[in-house]
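Residue-level structural notes
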Amino acid sequence: MNTEPSLLVVDDEPIVCESCVRVLKPQGYQVEVINDSRQGLEMAVNNTYDAILLDLKMPYLDGIQFLERLRDQNKDIPVLMITGYASIPSASAAMRLGACDYIAKPFTPDEISVAVSRTLATRTKIDEIAQVVQVAPAPPVEKAPATEDAATDTDTVRFYQESWVRCETPAMLRIGGFISHEAGLTTTQVRLPRVGEMVYRGLPMAALFRFKNPAIYIPAPATGRVVEVNYAVADDPSALWNDPCGAGWIARIRTQADDYTENAVREVTVIGAEDADLSATAEALINFGCNVSRSHDVPSREQLMASSDSPVVWIDAVSLGALGPDIVERLNLNVPEAKIVVLADPASTLEKSYRARRLFYYAVEELGEFELNEILASAFRAPLPEHPKSSQSSLLPRWIDRIDVTNRDGDKASCLIDGQLLDSQDGLGCRLVKMLLEKNYPVETLHGEGELTGQMIHNALYDNARVFILKCADSGRLPGSLTARQNDELVETLKAPNCKLVDLTMQPALNENLVQFTPDVIEAMAANLARMLTEKQSN
């Protein structure tokens, strides 16, 4: 079943329809256009669309008449009004005409993308309301404890290194970065993704350029196409460390994958006395994306280790009094991996007793202005992967010309490498092949001098269901970024209609034609390439 949102554009100007197709189709929308409003009404009534983009002034039926007749058919499809006329000067006026939103001509690609995203959000709300209305009231029952399967994921923040993701709907994610105050102090410029770009989990999506300091690259925590960008953080990047999971969000992406669920939840257990009010502490941690549980005693090791290899425990030393050091002692013994933060009174006489135990951080009320940010940034900082190297003989050919893989469904895919990019004994090439083998996929590699020929492309197109051509070139994006473009023209030229050909371009470091990436980018790049090579062939 196709889950791509479907749009109908009704506008008598062909150039407007063409612009909508050019901007929205690459973002994963199904877009149908019609220049005749009468035919458009017939299509809207007889077909199912997620939203309609409707011009206000058209011959035969104008936008108002179109809406009136559409509503007569009991259609509740969200409508985005397109207008170039001063008679509709504001969004409120457009609402009175039966539209969910409006956009003025001429519009930019970003403006139409954001407007469509807002309109589709209206569709989601309508569906939710309809489900509530259609369900007959049931007698009250005692609410059962939530199970893992029944729990919603919309409020959970998940982290990938210095980035986070929150699921808004099954197909829409909000993503951002978690930057420490110290790291962001010297920021002079913020580079954000562009609407319409694909971002890939683990590869750079945004960057902070800093005065006399190396740039900070923020990886995407999930794979998807950017539909909205928070340009406010470019003007005032302080939200990235003051309110990273709120006003500091970076973009919204539409995703068809669920790789965001592979990210970690930041679990924090707050321990305080039974009568202690821990709400302020919990709220502060939740605002920084933590999943907070509260306890009056040391939880079991299983409870603390359930969602994290290295849990963080927050000790409310003020309420615990003399019991606090003993609780820390038991944590040290039972859960040595735990990172323990003690929040104590400045005048406490127990500081020496606490510091005699193993602590991650000893703080006093009130925390400094940016102290909580720095504590969490340090506590949850992920270790970098090691630079991948192979133990095979150095006498073997180094450069990989081709990688052939067969997935679980028996579909064959081939990755052809344009140039000396993948070293079988070091870096990305070594890690990609090793990753495929670790997942038990049948893999064959062809080694040579790194030269891609037309005959290689021709043979691969006739031998495989999918072919990828991997190259390194400047695409104007952040170093380590990846772009993918389906090459139907070459498939048609070589008369290989049963094969899908995709051009993959890696953005080199320092604008050089070299794949000199950091170990974390190498790991993420290998994971994305492996997923593309082995994913199920779509019809």
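Use the structure listed above.
Residues numbered from 1 in each chain as written. Predicted model: local features only at pLDDT ≥ 70, side-chain atom pairs only at ≥ 80, totals over all residues. Heavy atoms only, no water.

Here we look at the overall build of the chain
Cut-off, in case you're wondering: Helix and strand labels come from DSSP, where a helix needs a run of H or I of at least four residues and a strand needs a run of E of at least two; each type is numbered from the N terminus. When a residue's accessible area, from a 1.4 Å probe over protein chains only, is under 20% of the maximum for its type it is buried; when over 50% it is exposed; and in between it is partly exposed. Residue contacts are defined here by distance: any two heavy atoms, one from each residue, within 4.5 Å place the two residues in contact. In these tables, accessible area is a Shrake-Rupley quantity obtained with a 1.4 Å probe, and a residue counts as shielded only by the protein chains included in the view.
Of the regular secondary structure elements, the chain holds 18 helices and 26 strands. Each of the 539 residues in the chain was classed as buried or not, and the buried ones make up 48%. Summarising the internal contacts of the chain: among those between residues at least 6 apart in sequence, 69% fall at separations of at least 24. On the chain, roughly 27,200 Å² of surface is accessible, and the fraction owed to carbon and sulfur atoms is 50%.

Points about the sheet that holds strand β2 (residues 30–34)
Our working definition: Two strands qualify as a pair provided DSSP detects at least 2 bridges between them. Axes here mean lines fitted to C-alpha atoms, for a helix over just the part in contact, with angles spanning 0 to 180 degrees between N-to-C directions.
The strand order β2-β1-β3-β4-β5 describes an open sheet built from five strands, whose pairing is parallel. This sheet does not close on itself; its edge strands, each paired only once, are β2 and β5 (101–104). Across the sheet, the axes of successive neighbouring strands diverge by a mean angle of 20°, strand direction being ignored. As paired elements, strand β3 (residues 51–55) and strand β4 (residues 79–83) share four bridges and run parallel to each other. Each residue of the ladder has a partner; that of L53, found in β4, is L80.

Brief notes about the nonpolar core
Put simply, the rule reads: For this analysis, a nonpolar core means a set of buried residues of the types Ala, Val, Leu, Ile, Met, Phe, Trp, Tyr and Cys, connected via side-chain atoms within 4.5 Å.
I403 and L482 are the most contacted members of the largest nonpolar core, which has 34 residues in total. The residues touching I403, leaving out its near neighbours within four places in the chain, are A413, S414, C415, I417, L422, L432, V433, L436, V443, E444 and T445. Core analysis: the next-biggest nonpolar cluster, separate from the first, contains 27 residues, V190, M205, A222 and L240 among them.

Quick word on the pairing of strand β12 (residues 213–219)
Consecutive side chains of a regular strand alternate in pointing toward one face of the sheet and then the other. Examined bridge by bridge, strand β11 (residues 204–210) and β12 share five bridges and lie antiparallel to one another. When the sheet's bridge partners are listed, P204 is paired in β12 with P219. What sits between β11 and β12 in their antiparallel hairpin is a turn of two residues, with K212 showing a positive phi close to 60°.

What to know about the sheet that holds strand β16 (residues 267–271)
Paired through backbone hydrogen bonds, the strands of a sheet run either parallel or antiparallel to each other. The parallel open sheet is built from five strands, whose spatial order is β17-β16-β18-β19-β20. The open sheet has two free edges, formed respectively by β17 (291–295) and β20 (361–364), since each of these has just one partner strand. Averaged over neighbouring strand pairs, the angle between their axes works out to 20° when direction is ignored. Where strand β18 (residues 312–316) meets strand β19 (residues 339–344), five bridges bridge the pair, whose relative direction is parallel. Bridging from a neighbouring strand, I315 pairs with V342 of β19. On the sheet, helix α9 (residues 279–287) packs against β16, β17, β18 and β19 and is oriented at approximately 160° with respect to β17.

Here's the deal with helix α18 (residues 519–534)
For clarity, the threshold we go by: Any helix carries an expected span of 1.5 Å times its number of residues minus one.
With 16 residues, α18 should reach 22 Å at 1.5 Å per residue; the first-to-last C-alpha distance of 22 Å fits that figure. Extensive coverage of α18 is indicated by the burial of twelve of its 16 residues. When α18 is considered as a whole, its buried residues turn out to be D520, V521, I522, A524, M525, A526, N528, L529, A530, M532, L533 and T534.

Describing the environment of A526
Relative to the helices and strands, A526 resides in helix α18. Taking C-alpha positions, A526 is 9.6 Å from G427, a pair spaced 99 residues apart along the chain. Apart from the residues lying within four places of it in its own chain, the contact partners of A526 are L428, R431, L432 and M435.

Things to note about the packing of aromatic side chains
Aromatic rings considered in pairs are described by the distance between their centres and by the relative angle of their planes. Note the cut-off: Each Phe, Tyr or Trp ring (for Trp, its six-membered ring) is paired with any other whose centre lies within 6.5 Å, and the angle between the two planes then decides the class: stacked below 30 degrees, edge-to-face above 60, tilted in between.
Following the criterion strictly, the structure yields three aromatic pairs and no others. Seen from their ring centres, F159 and F178 are 6.0 Å apart, and the 75° between their planes marks the pair as edge-to-face. Separated by 19 residues along the polypeptide, F159 in strand β6 (residues 157–160) and F178 in the loop between β8 (172–177) and α6 (181–184) bring together distant segments of the chain. Of the two residues, F159 and F178, neither departs from the other in class, the shared state being buried. Considering the side-chain rings of F178 and F288, the 5.9 Å spacing of their centres and the 65° angle between planes classify their relative orientation as edge-to-face. Of this pair, F178 sits in the loop between β8 and α6 while F288 is found in the loop between α9 and β17, placing the two residues 110 residues apart along the sequence. Comparing F178 with F288 shows no difference in burial state: the two are buried. Ring pairs connect the aromatic residues F159, F178 and F288, which therefore count as one cluster.

Considering the pairing of strand β7 (residues 163–169)
When β6 meets β7, the two strands line up antiparallel, connected through four bridges. When the bridges of β7 are listed, V157 appears paired with R166. As paired strands, β7 and β8 are joined by six bridges and run antiparallel to one another. Opposite S163, over in β8, you have G177 as the bridge partner.

Quick word on the pattern of salt bridges
As a reminder, the rule being used: Salt bridges are identified by distance alone: a Lys or Arg side-chain nitrogen within 4 Å of an Asp or Glu carboxyl oxygen.
Scanning the entire structure with this criterion turns up 23 salt bridges. For R201, the salt bridge is made with E262, and the minimal N-O distance between the two is 3.4 Å. With R201 in the loop between β10 (198–199) and β11 and E262 in the loop between β14 (249–254) and β15 (264–265), the pair connects residues that are 61 residues apart, well separated along the chain. Salt bridges sharing common partners tie together D11, E13, D55 and K105.

Points about the packing of helix α2 (residues 37–46) against helix α3 (residues 63–72)
Where we set the bar: Working definition: roughly parallel below 35 degrees, roughly antiparallel above 145 degrees, roughly perpendicular at 65 to 115 degrees, and oblique for all remaining angles. It is the rotation of the near helix from the far one that decides the hand of a crossing: anticlockwise by less than a right angle makes it left-handed, clockwise makes it right-handed. When residues are grouped by polarity, Ala, Val, Leu, Ile, Met, Phe, Trp, Tyr, Cys and Pro land in nonpolar, Asp, Glu, Lys and Arg in charged, and all others, Gly among them, in polar.
At a minimum axis separation of 10 Å, α2 and α3 run at an interaxial angle of 25°. On the basis of their axis angle, the class for α2 and α3 is roughly parallel. In the packing of α2 onto α3, the handedness of the crossing is right-handed. Residues S37, G40, L41, A44 and V45 of α2 touch α3, and the partners they reach there are F66, R69 and L70. For the contact of α2 with α3, the residue count by class is five nonpolar, two polar and one charged.

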